[in-house]
Amino acid sequence: MNLIGKLTVAFTLSAALFAGTAQAQTVLRSSDTHPDGYPTVEAVKYFGELVQERTDGRYSVEVYHSAQLGQEADTIEQVRSGVLDLNRVSMAPWNSLVPLTMIPSLPYLFTSPEHARKVMSSEIGDEVASGFDQHGVVVIAFYDGGARSFYNSKKPINSVADLAGQKYRVIQSDVFVDMVAALGATATPMPYGEVYSSIETGVIDGAENNFPSYESAKHFEVAKHYSLDEHTIVPEVFVMSKASWDRLSDEDKEIFRQAGKESMEKQWELWDERVAASRKIVEEAGSQITTRQN
Ligand code: GTR
């Protein structure tokens, strides 16, 4: 190869290397307890697509669904310490750390999921979000967590009196423990991933959750009495580790914020569809749904 040829090869190689550096992609890892296809998982994937497109591929998001990175309490620690970049969890496991989150977790506070959406996407939501700042994370979006209701393996619940003496799994939050105790049942806080086997083996009588969780975690297979009491509507929260956030330029922060907002709207759409689909699945599988009119 003559000198010109050698120079051309060298130039092409360094151009390729330079291009490689310029396009270096940071893959942000995100956790979710729910399986692939669940509205929160899909909303975070959508967020990732927007971010990737708008940062010209400099950032992308990989969602580790189905609790691959651990149960919620553990992933909260991971994202706070910066080991994990992003995390989508319920607001309830934050209750002891971020006292402001106790308010939207209270029973019968929101009158409908639409009410919760309106409040959480207003300045009130911004105020709740600010409560996370000193705990190592930045709130990217609040998602709809739907209305939670009690279900069990033993009998239909038609009134508060029917809960007496029963044992229910709750999220690891004092708000939930106190609520269940006030209703006359016993609360057993435990990770979501242990609920199915605990109902199956009779360690607990039941749990409480929205239709999509009751269906996707297959709890309906072991607890067919679902009482549509809709006692609480706890928002979901999608956070970013402060360590990862601080590495973003101001312009990228704005891209992330905007993508968070759009992913929230996407989640609302997906949520409505999934609530209806999940209800249909559990009803067809034989779940007995007690409505408030009964
Ligand atoms: C679901 C929520 C999860 C998890 C779960 C639970 O509704 O989406 O993030 O908190 O409830 O009860 O543990």
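A brief look at the structure comes next. (Residues numbered from 1 in each chain as written. Predicted model: local features only at pLDDT ≥ 70, side-chain atom pairs only at ≥ 80, totals over all residues. Heavy atoms only, no water.)

**Some thoughts on the overall build of the protein chain**
A count of helical and extended segments in the protein chain gives 10 helices and 11 strands. With the principal axes as the frame, the protein chain shows a C-alpha extent of 90 × 40 × 30 Å. For the protein chain, buried positions account for 51% of its 294 residues. Sequence separation of 24 or more characterises 73% of the internal contacts of the protein chain that already satisfy a separation of 6 or more. Split by element, the accessible area of the protein chain, about 13,600 Å² in all, is 54% carbon and sulfur. Side-chain charges of the protein chain comprise 26 positive and 41 negative groups, with the mean position of each set lying 2 Å from the other. (Helix = DSSP H or I, 4+ residues; strand = E, 2+ residues; numbered from the N terminus. Buried < 20%, exposed > 50% of the residue type's maximum accessible area, 1.4 Å probe, protein only. Contact = heavy atoms within 4.5 Å. Areas by Shrake-Rupley, 256 points an atom, 1.4 Å probe, with all protein chains shown as cover. Lys, Arg positive; Asp, Glu negative; His and termini not counted. Charge placed at Lys NZ, Arg CZ, Asp CG, Glu CD.)

**Looking at the site of the ligand**
Every one of the 13 residues lining the ligand counts as a neighbour, but His 34, Glu 72, Arg 169, Asn 209 and Glu 236 are closest to it. Residue Glu 72 places a side-chain N or O atom 2.4 Å away from an oxygen atom belonging to the ligand. Between Ser 213 and the ligand, the recorded distance is 3.2 Å, taken from a side-chain N or O atom to an oxygen atom. When the ligand sits alone it has 320 Å² of accessible area, and the protein chains cover 98% of it. Taken together, the residues of the shell around the ligand break down into two nonpolar, six polar and five charged. (Near = heavy atom within 4 Å. Polar contact = N/O pair within 3.5 Å; in protein donor to acceptor, adjacent residues only side chain to side chain. Nonpolar A, V, L, I, M, F, W, Y, C, P; charged D, E, K, R; others polar.)

**Points about the packing of aromatic side chains**
For the structure shown, the criterion picks out 12 aromatic pairs. With centroids separated by 5.8 Å and ring planes inclined at 80 degrees, the aromatic side chains of Phe 47 and Phe 256 adopt a geometry described as edge-to-face. On the criterion of sequence distance, the pair formed by Phe 47 in helix α2 (residues 39-54) and Phe 256 in helix α10 (residues 250-284) is long-range, its members being 209 residues apart. Under the relative-accessibility criterion, Phe 256 is labelled buried at 0%. Look at Tyr 151 and Tyr 226: their rings are 5.8 Å apart centre to centre, the planes differ by 10 degrees, and that puts the pair in the stacked class. (Phe/Tyr/Trp six-rings, centres within 6.5 Å; stacked < 30°, edge-to-face > 60°.)

**Structural notes on the sheet that holds strand β10 (residues 236-241)**
Spatially, the five strands line up as an open sheet ordered β2-β1-β3-β10-β4, and their pairing is mixed. Bordering the open sheet on either side are β2 (59-64) and β4 (137-143), each of which pairs with just one other strand. Between one strand and the next, the sheet's axes are offset by a mean angle of 25 degrees, whatever the strand orientation. Across the face of the sheet, helix α3 (residues 72-81) comes into contact with β1 (26-31), β3 (86-90), β4 and β10 while running at roughly 145 degrees to β3. (Pairing = 2+ DSSP bridges. Axes fitted to C-alpha atoms, helices over the stretch in contact; angles between N-to-C directions.)

**Observations concerning the side chain of Asp 144**
Mapped onto the secondary structure, Asp 144 falls in the loop between β4 and β5 (148-152). Ignoring sequence-local partners within four residues, the contact set of Asp 144 consists of Pro 113, Arg 117, Glu 236, Gln 267, Trp 268 and Trp 271.

**A closer look at the side chain of Asn 152**
Secondary-structure assignment places Asn 152 in strand β5. Classification of Asn 152 by relative accessible area gives buried; the value is 0%. Polar contacts involving the side chain of Asn 152 include one to the main-chain amide nitrogen of Lys 155, which spans 2.8 Å. Once residues within four sequence positions are removed from consideration, Asn 152 is found in contact with Ile 157, Gln 166, Tyr 168, Asp 205, Gly 206, Ala 223, Lys 224 and His 225.

**A closer look at the environment of Pro 104**
Along the polypeptide, Pro 104 turns up in the loop between β3 and α4 (113-120). Not counting residues within four places of it along the chain, the set of residues in contact with Pro 104 comprises Met 91, Leu 109, Phe 110, Met 120, Val 128, Ile 233, Val 234 and Pro 235.

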